[in-house]
Amino acid sequence: MKCPLVDNQGTPADSSSSQKSQRNRKERRNRKRGRSSQDCRLERKEMKVRDLGLGYDSDEIVLFKYCVGTCTSARKNYDLALKVLTDNGSVPSRKVSIHPCCRPTRFETVSFMDAQTSWQTIKWLSAANCSCVG
């Protein structure tokens with residue numbers, strides 16, 4: 001069976017005109033806010049618990065959600081001034097972040113069964129929401 005064609009928003013390519021106009025309004029609104037596909041967003045990846053590197057012995061697969069993207073459109077006057085000051089040497093740049101970072105603002109708890117058939121729960125493992133912070 002052939003997969004349906006989808007656009008970069010995950011919407012089927014043959015969606016109705018009302019869905020297309022709704023998507024166009026959303027894209028225009030995001031452009032007005034200075035957002036692009038590079039801005040901070042949540043992504044998902046299925047992972048074996050053992051591959052997360054937290055020391056749990058389990059082959060169970062969990063949905064790991066994480067934040068990706070840039071936050072250049074979220075820069076404030078502080079960020080712009082700090083960049084100038086680090087560039088000209090007025091402020092040492094070795095430990096200074098000169099732009100906001102894409103980070104989780106809410107987390108989800110993940111539960112799974114380990115190799116000894118015991119339920120394990122990890123708090124704050126997976127991102128639930130992402131935003132430009134700092």
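Structural notes, computed from the coordinates. Not measured: the values here are computed from a predicted model.

1. A short note on the side chain of Lys65
Position of Lys65 relative to the elements: it lies in strand β2 (residues 61-68). The buried category is assigned to Lys65, whose relative accessible area is 14%. A distance of 3.1 Å separates a polar atom in the side chain of Lys65 from a polar atom in the side chain of Glu108.

2. Some words on the pairing of strand β4 (residues 119-133)
Of the strand pairs in this sheet, strand β3 (residues 101-113) and β4 are connected by 11 bridges, and their pairing is antiparallel. Bridge pairing in β4 places Met113 opposite Trp119. With antiparallel pairing between neighbouring strands as the criterion, β3 and β4 make up a hairpin whose turn holds five residues, including Thr117 at a positive phi of roughly 55°.

3. Examining the pattern of salt bridges
Applying the stated criterion across every chain yields a total of five salt bridges. For Asp57, the salt bridge goes to Arg50, with nearest N and O atoms at 2.2 Å. Of the charged contacts in the structure, one is a salt bridge between Lys83 and Asp87, with a shortest N-O distance of 2.8 Å. A residue pair is termed a helical-turn pair when its members lie 3 or 4 positions apart in one helix, as Lys83 and Asp87 do in helix α2 (residues 77-87) at four residues. On the accessibility criterion, Asp87 (55% relative accessible area) is exposed.

What counts and what doesn't
Residues numbered from 1 in each chain as written. Predicted model: local features only at pLDDT ≥ 70, side-chain atom pairs only at ≥ 80, totals over all residues. Heavy atoms only, no water. Helix = DSSP H or I, 4+ residues; strand = E, 2+ residues; numbered from the N terminus. Buried < 20%, exposed > 50% of the residue type's maximum accessible area, 1.4 Å probe, protein only. Polar contact = N/O pair within 3.5 Å; in protein donor to acceptor, adjacent residues only side chain to side chain. Pairing = 2+ DSSP bridges. Salt bridge = Lys/Arg side-chain N within 4 Å of Asp/Glu carboxyl O.

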